[in-house]
Amino acid sequence: MKNLDHSQLQKLKNEIQDRQAELIGIGLKYGLSHQETIQFSQRLDDLINVYVRESAHKKRVGPNY
């Protein structure tokens, strides 16, 4: 994935927050060990990993890269 600018990083952060709320609903509906919940959680983990990686990259190269 290419490096994200500030606006894209903020969008990703908002998407993560929305999906976290959705995951809570899925977990309550199906249970924490249900395949649907696990798969959704894994997709959310992928988004969080991208966000962490991109945030760390911004800190390394600075805000004006």
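Residues numbered from 1 in each chain as written. Predicted model: local features only at pLDDT ≥ 70, side-chain atom pairs only at ≥ 80, totals over all residues. Heavy atoms only, no water.

**Student:** I tried to follow the packing of helix α1 (residues 6–30) against helix α2 (residues 35–61) on my own but got confused; where do I start?
**Tutor:** Relative placement of two packed helices is described by the angle separating their axes and the distance separating the axes. Contact geometry of α1 with α2 gives a least axis separation of 9 Å together with a crossing angle of 160°. By the angle class used here, α1 and α2 are roughly antiparallel. As α1 packs across α2, the resulting crossing turns out to be left-handed. Residue classes in the contact of α1 with α2 are distributed as twelve nonpolar, six polar and seven charged. (Axes fitted to C-alpha atoms, helices over the stretch in contact; angles between N-to-C directions. Helix = DSSP H or I, 4+ residues; strand = E, 2+ residues; numbered from the N terminus. Parallel < 35°, antiparallel > 145°, perpendicular 65-115°, else oblique. Left-handed = near helix turned anticlockwise from the far one by under 90°. Nonpolar A, V, L, I, M, F, W, Y, C, P; charged D, E, K, R; others polar.)

**Student:** Help me understand the nonpolar core, please; the structure alone is not making it clear to me.
**Tutor:** Nonpolar side chains in soluble globular proteins generally cluster together in the buried interior. Within the largest apolar cluster, ten residues are counted, these being L4, L9, L12, I16, L23, I26, F40, L44, L47 and V50. For this core, the secondary structure elements donating two or more residues are α1 and α2. Per element, the largest residue contribution to this core is five residues, and it comes from α1. (Core = buried A, V, L, I, M, F, W, Y, C linked by side-chain atoms within 4.5 Å. Buried < 20%, exposed > 50% of the residue type's maximum accessible area, 1.4 Å probe, protein only.)

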